[in-house]
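Residue strings, one per chain:
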Amino acid sequence: MSGHLKALRKVAELDSQILELNRKQKHIPELIQQKRDEVQQATEQLTDKEPKLRNLRVKTELQEKEFQAAEQTAIKLREQINRAKSNKEFQALQHEILSREADNTRLEDAVLAQMQKLDQQAQEREALGEKEKRARTELASEQTRLEAELKRAKAEIERLRQQRADAGKDVPPDIFDKYERLIARRGQTAMVAVVNGSCQGCFMTLRAETIAQLKKRTDLVTCHSCGRILYLEE
Ligand SMILES: [Zn+2]
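Residues numbered from 1 in each chain as written. Predicted model: local features only at pLDDT ≥ 70, side-chain atom pairs only at ≥ 80, totals over all residues.

Structural notes on the environment of Val39
Condition: In DSSP terms, a helix is any run of H or I states spanning at least four residues, a strand is any run of E spanning at least two, and both are numbered starting from the N terminus. In this description, a residue-residue contact is defined by the distance between C-beta atoms placed from the backbone, which must lie within 7 Å.
Here Val39 lies in helix H1 (residues 2-82). Counting along the chain gives 98 residues from Val39 to Thr137, while the straight-line C-alpha distance between them is 9.4 Å. Setting aside anything within four residues of it in sequence, one finds Val39 in contact with Ala135, Arg136 and Leu139.

Focus: the sheet that holds strand S1 (residues 191-195)
Quick reminder of the rule: Strand pairing requires that DSSP identify at least two bridges connecting the strands.
Here three strands make up an open sheet; going across it, the order is S2-S1-S3 and the pairing mixed. Bordering the open sheet on either side are strand S2 (198-199) and strand S3 (229-232), each of which pairs with just one other strand. Where S1 and S2 come together, two bridges link them in antiparallel fashion. By the bridge assignment for S2, Val195 is matched with Ser198.

Observations concerning the nonpolar core
Going by this rule: For this entry, the nonpolar core is defined as buried Ala, Val, Leu, Ile, Met, Phe, Trp, Tyr and Cys residues connected by C-beta atoms within 7 Å. Burial in this document is a count-based property: other C-beta atoms within 10 Å of a residue's C-beta are tallied, and the residue is buried at 20 or more, exposed at 12 or fewer, or partly exposed in between, with C-beta positions derived from the backbone.
Formed by 17 residues in total, the largest nonpolar core has its most connected members in Leu8, Val11, Tyr179, Ala190, Met191, Ile229 and Leu230. Contributions of two or more residues to this core are made by H1, helix H3 (173-186), S1 and S3. Broken down by element, this core gets its largest block of residues, five residues, from H1. Apart from the residues lying within four places of it in its own chain, the contact partners of Met191 are Leu8, Arg9, Ala12, Tyr179, Arg228, Ile229 and Tyr231.

Re the domain arrangement of the protein
The condition that has to hold: Where each domain starts and ends follows an automatic or database-derived domain assignment.
The domain boundaries assigned to the protein delineate domain 1 (13-169) and domain 2 (172-234). Taking the mean C-alpha position of each, domain 1 and domain 2 sit 60 Å from one another.

Considering the pairing of S1
The pairing of S1 with S3 spans four bridges and is classified as parallel. Following the sheet pairing, Met191 is matched in S3 by Ile229. Taking the residues between adjacent antiparallel strands as the criterion, S1 and S2 are bridged by two residues, where Asn196 takes a positive phi near 50°.

Focus on unusual backbone geometry
Of note in the backbone geometry, Asn196 takes a positive phi value of approximately 50° without being a glycine. Mapping Asn196 onto the fold places it in the loop between S1 and S2. Using a count of 7 C-beta atoms within 10 Å as the deciding quantity, one classes Asn196 as exposed.

Encoded structure:
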């Protein structure tokens with residue numbers, strides 16, 4: 001019995017390794033998808049920025065043109081004032097020039113503010129472009145790394161399954177069946193250690209007779225609470 005239990009423990013140990021690798025392997029496509037999402041998000045941000053920047057550029061150019069036209073008008077008025085034929089005409093032109101100049105200063109300030117805004121937006125676009133590039137590079141390298149990891153995990157699982165099949169040959173069929181049924185029902189470790197008198201599957205304190213039975217090492221002993229096969233650590 002002792003030898004059979006040892007063989008079953010080997011199977012159980014391999015099962016927990018396989019389980020762990022399967023868990024890790026399942027997580028890999030999610031990790032790749034996460035990186036893909038990051039790229040998509042960066043691309044969307046960049047795409048959103050483009051029309052905003054274009055509109056701002058058009059608006060700035062229009063304001064610049066308006067300012068230049070106003071400047072031309074002011075120049076013409078200054079030429080006219082030199083040719084003024086009467087004092088009245090001179091005063092009227094002077095009044096207009098002053099009011100135009102105030103308008104032009106406002107227009108110039110607006111153009112400068114608009115250009116600053118444009119600069120800031122262009123910088124933001126530049127940063128988003130860099131971010132997108134970084135996300136793409138990261139995706140490519142992570143994908144390569146994770147796919148290699150997945151391949152290694154698959155090969156390792158295959159190797160462990162082979163070992164499990166070999167170890168299973170040393171377990172009597174009735175015990176192996178019981179173990180397999182437990183695995184199917186619980187979908188997790190079906191054979192657990194006893195630590196400080198409690199089952200490490202459900203953490204219930206075991207009865208004294210169960211411990212005594214385990215110490216004899218002659219029978220297959222199960223937990224009265226969760227039904228898992230128990231073993232004592234050597
Ligand atoms: Zn238990």
